Each structure stands twice: as structure tokens, then as C-alpha cells.
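Summary of structural features
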Amino acid sequence: MQTTDREILLIRLRLIDLIKSFFVDKPDAELLSRWRGTFSALAKEQISPQLDKAVREVSRQLGQKSLETIQDEYYSLFVDPFGEHQVNLLASHYFDGRNYGETLMHLRELFSATRVVKENGVKEPEDSLVVMFDLLGTLIEMEKNGEQTDTAQQQLVVDYLVPFLEKLGPVIKANPSADFYTAAVGFIVGCLDLEKGLSDYS
């Protein structure tokens, strides 16, 4: 049975929510259970060679690792202020060599051009990984409601998210204990590759 355009949009939105869940907060038992169920289901599908391989690896990691081990990874990568493996999740850090650089200004211009306003209470700047995926999700929602946001989606994915993940992956992999989050980044890269294909990005 052929998947409709609307169903594809909904799948893309669910994948974005899944991606954001890796970074928004420290994983708890409920989230771990949801990840295991989701990736178990995804592992039964054939989506694309790259994404299928990434799904299998995340699923393998989820089957092997305890909640405490994944929580330790999260703390080491995203929380520990004194750790040698703490990871910066702001695009400006990688593109400009400092936080709050020119990349942030360009992303704020993209928000303004698409009339998307960052939600109140969100402390992270517009060039943070989660906020950029929030913007992509909002643009897909706008497309679902009949607005033309293809160009903005293309710009966000090709100019920002893809090169950001290319830089972020090796930084996370440098932590010898970050097997799960290394696999998670592989999954995100696979999703972005799918995004490019679905939207005919070049």
C-alpha cells in the first residue's frame, strides 16, 4: 500500500520528536522503554540502507545497555562541567569557533523569514541542535497545513543540520564510553539523509 504525502509528513514529525528526545533531558525508565519499543518496531521495517543499519545499531545498544549506563553517557556528554568529554550542542561553536557567532545570526534570520517564533521558556539559542529540529518540525507542520516551506527546510537541513551532525559525530565518538550516543548520531544522520531524499534536496 502506497504511503500518502500526509502520512510521510507525520512520519517525519515522529522521527524529529524521537531525535529531540535524545537530548532534551536525562533519560528515565519511561523514555528508555519508549526507545526500545520504537527501535524494535523500526528494525522490522526497510526504509533505506543507511537508516536501517543505524536503527539496528541503536536497537543493539538499547538491548545491551542498562538505564544507568545510558544516563552516565548523557551526564558525561551533556552535563558534567568538569568532564573532558562534554559536548557543545550549539552550531556556532563548530562553524564559527565560538558560541553565539555568525551562524546564530543567520539562523535567527531564518526564523524571522519563516515567521517562526521560538517558544517562551526555551533557554537555548536558535542554533542549538534541539531548537533547530524544533524549527524543522514547525516547518513540516506548516507544510502539512498547506504552506510552502520547502526552501526553508532545504536551507535548514543542507546548510546547518547535515554539516553540524558531520562535526558532532566525531566529537561524541571521541568519548570511549559513548557507544549509545554514537549510535544515536548515526541514526540522526540516517534520518537527515532520508529528509534530503524525501524532499528532493540536492
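Throughout what follows, the structure given in this document is the object of discussion. (Residues numbered from 1 in each chain as written. Predicted model: local features only at pLDDT ≥ 70, side-chain atom pairs only at ≥ 80, totals over all residues. Heavy atoms only, no water.)

1. Remarks on the packing of aromatic side chains
Under the convention used in this document: When two rings of Phe, Tyr or Trp (its six-membered ring) have centres within 6.5 Å they constitute a pair, described as stacked for plane angles under 30 degrees, edge-to-face for angles over 60, and tilted for the intermediate range. Runs of H or I in DSSP of at least four residues are treated as helices and runs of E of at least two as strands, each being numbered from the N terminus. Burial classes: relative accessible area under 20% of the type maximum marks a residue as buried, over 50% as exposed, and values in between as partly exposed (1.4 Å probe, protein chains only).
Evaluated as defined, the whole model comprises 15 aromatic pairs. Aromatic side chains Phe22 and Phe23 sit 6.3 Å apart centroid to centroid with 85° between the ring planes, which places their arrangement in the edge-to-face category. Seen in terms of ring centroids, Phe23 and Tyr181 are 6.4 Å apart; in terms of plane orientation they differ by 50°. Their pairing is tilted. In this pair, Phe23 is assigned in the loop between α1 (5-21) and α2 (29-42) and Tyr181 in helix α9 (residues 179-198), connecting sequence segments 158 residues apart. The exposure class assigned to Phe23 is buried, which follows from its relative accessible area of 7%. Looking at Tyr181, the relative accessible area reads 0%, which means it is buried. Aromatic ring contacts, followed pair by pair, group Phe22, Phe23, Trp35, Phe39, Tyr74, Phe78, Phe180, Tyr181 and Phe187 into a single cluster.

2. Thoughts on the environment of Lys118
Applied cut-off: A 3.5 Å cut-off defines polar contacts: any pair of N or O atoms within that distance qualifies, except that in protein one atom must be a possible hydrogen donor and the other a possible acceptor, and neighbouring residues in sequence count only when both atoms are side-chain atoms.
Structurally, Lys118 can be placed in the loop between α6 (102-113) and α7 (129-144). Residue Lys118 is classed as partly exposed on the basis of its relative accessible area of 24%. Separated by 109 residues in sequence, Lys118 and Leu9 have C-alpha atoms that sit 21 Å apart. Of the polar contacts made by the side chain of Lys118, one reaches the backbone oxygen of Glu124; its length is 2.8 Å.

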